[in-house]
Amino acid sequence: MGSARPAPTGSFHLTGLSDRDPQHTLPVVEHLEAAPYTDALVTLAATPTFPVKQPPSGTLMSAMHHGVPNRHWTAPEPVTNSAGHGRRRRDGGSPMTISPPPGTAEPARAASPLTISEQGAFWVGVGRKPTEAGTAAEAAMYVQYQIPADLRHPLPVVMVHGGGGQGTDYLSTPDGRPGWATRFLQAGYAVYVVDRPGHGRSPYHPDVLGPIEGAAPTYEFIRWLFCEGAGRPGSQWPGSGEIGDDSALDQVMASQGPTMPTFAENQEQMRRCGAELLDRIGPAVLITHSMGGPFGWLVADARPGLVKAVVSIEPIGPPFTELPGLGKLEWGLTAAPITYEPPVRTPEELRLRLREAGGDGLQDCLVQDEEAGAVRSLPGLQGFPIAVVAADTSPFAAFQHGVADYLAQAGADVELLRLADLGLTGNGHLPMGEKNSDDVAEALMTWLDKRLAAVEETSR
């Protein structure tokens, strides 16, 4: 086994004048290093009733997001988002152009430069919490946003990371190629990338979010979660998967942070901050990953009409599973309360049965018991399309049908998208960071274009 290779780095070449320099006295920003970034996830632990493939011991992880955009643009030619919030380009300067990193092999569709009309960052959900030292900011969520000059889609996309990672999962792949944020921008979407509360640029402080519990993230856990098939023919992981000889694995590990004390608290922060984000930017498409999956369910429940589609990449599950040390999805797909109709006061009111998976390698999962009474619906998750995306070599692959089944039974317009059925094989739990990440992004955009067009046609 050779020595660890340095991670490849790219650079974005930017043209334009400083946002804060209306007199054009500052030099043009010419070069910005773009280090490769990535995410990490959650430990699935087996329980007596709901067996799940066991990861290596020593880690339990979770995560949350950031955000809100600023409006320092003062030039004419407003760019209007789906909520009608006008943003303006910089005074007197041309739009910013981002070219592919030199020497990076990219498909023809990404060859042309990307022109950005506006970018920025903000925090949502900024609370105030008394501490012994004074008043601290409580559990805000960081949001980074970019608006392409060629804005071809009326709905912005909000990208929500999973596990113990951060929004950088969407900015670059572990081997240094442009991430999904760039690919969606090139396709004409406005993109908002969040760091959930307590992760990345939404800092974790024990005085505010509670003591850091559990062991530090380990290479062994992250390797199991993301690189289990590395080295085998057809694997999409962009490295060897070997600890000490995989710079992509190093990049993922560097992004990992602590977990919040409880599953339910984590998700309540997602709900609160996500709702405030949509109040600010208007209707949007949510792309969530893994432990960020409940972000989509809870924000849609909290802001009816503002979530227009959810693409849930390998969401946490199966329904009602328990993760030792973090809590239980006691409301079905969430640990935090979600609206049912007829109303449910406590999770114990939900009558359940185990539905056989009916396929090799698939897990039997809980659904509501139709014979015990009327099935309760999830009204906040109705009226818009949902994709539950499953990868073929992921530890999460065995139960994604259970997530989709639970949603469908509760009245959601849900589709189970198995990447292998789309000709995309060899993927693990981090498809946005793997070798065929561009192809996966293209498949998801094709699904979105089709489903959103159908919704628009039906509403006419």
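- In the nomenclature of an unreviewed UniProt entry, the protein is known as Alpha/beta hydrolase of Streptomyces ossamyceticus.

1. Describing the confidence of the model for the protein
Low pLDDT marks regions whose predicted coordinates should not be analysed in detail.
Okay, step 1: Of all residues in the protein, 75% have pLDDT values of 70 or greater, and the mean over the chain is 80.
Okay, step 2: Under a pLDDT of 50 for its full length, residues 1-93 has, in the predicted model, 349 contacts with residues more than four places off or in other chains.
Okay, step 3: Residue range residues 102-108 is modelled with pLDDT below 50. Its contacts to residues more than four positions away, or to other chains, number nine contacts.

2. Overview of the environment of A454
Okay, step 1: Mapped onto the elements of the fold, A454 is located in helix α8 (residues 437-459).
Okay, step 2: Classification of A454 by relative accessible area gives partly exposed; the value is 37%.
Okay, step 3: In this structure the C-alpha to C-alpha distance between A454 and P385, which are 69 residues apart in sequence, comes to 9.7 Å.

3. Some points on the side chain of Q236
Okay, step 1: Relative to the elements of secondary structure, Q236 occurs in the loop between α3 (219-226) and α4 (247-254).
Okay, step 2: Given a relative accessible area of 15%, Q236 falls into the buried group.
Okay, step 3: A polar contact of 3.4 Å, which involves the side chain of Q236, links it to the backbone nitrogen of N436.
Okay, step 4: Look past the residues within four positions of Q236 in its chain and what remains in contact with it is T425, G426, N427, E434, K435 and N436.

4. Notes on α4
Okay, step 1: Residues S247, A248, L249, V252 and M253 constitute the buried set of α4.
Okay, step 2: Of the surrounding secondary structure, the elements contacted by the buried residues of α4 are α3.
Okay, step 3: Here α4 starts with a cap whose side-chain oxygen sits 3.0 Å from the backbone nitrogen of A248, and that cap is D246.

5. Notes on the pairing of strand β11 (residues 157-160)
Okay, step 1: Residues V157 and M159 point to one face of β11 and V158 and V160 to the other, with burial holding for every one of them.
Okay, step 2: Here four bridges tie β11 to strand β12 (residues 191-196), and the two strands are oriented parallel to one another. What sits directly across from V158, in β12, is Y192.
Okay, step 3: By the bridge criterion, four bridges tie β11 to strand β13 (residues 284-289) in an arrangement that is parallel. Note on β13: the bridge partner recorded for V157 is V285.

6. Some remarks on the packing of helix α5 (residues 263-281) against helix α6 (residues 293-302)
Okay, step 1: Two elements in contact, α5 and α6, have axes separated by 8 Å at closest approach and are oriented at 55°. Compared by their axis directions, α5 and α6 come out oblique. In this structure, α5 meets α6 at a crossing whose hand is right-handed. Here Q267, M270, R271, G274, A275 and L278 of α5 come into contact with α6, specifically with P294, F295, L298, V299, D301 and A302.

What counts, and at which threshold
Residues numbered from 1 in each chain as written. Predicted model: local features only at pLDDT ≥ 70, side-chain atom pairs only at ≥ 80, totals over all residues. Heavy atoms only, no water. pLDDT = per-residue confidence, 0-100. Contact = heavy atoms within 4.5 Å. Helix = DSSP H or I, 4+ residues; strand = E, 2+ residues; numbered from the N terminus. Buried < 20%, exposed > 50% of the residue type's maximum accessible area, 1.4 Å probe, protein only. Polar contact = N/O pair within 3.5 Å; in protein donor to acceptor, adjacent residues only side chain to side chain. Pairing = 2+ DSSP bridges. Axes fitted to C-alpha atoms, helices over the stretch in contact; angles between N-to-C directions. Parallel < 35°, antiparallel > 145°, perpendicular 65-115°, else oblique. Left-handed = near helix turned anticlockwise from the far one by under 90°.

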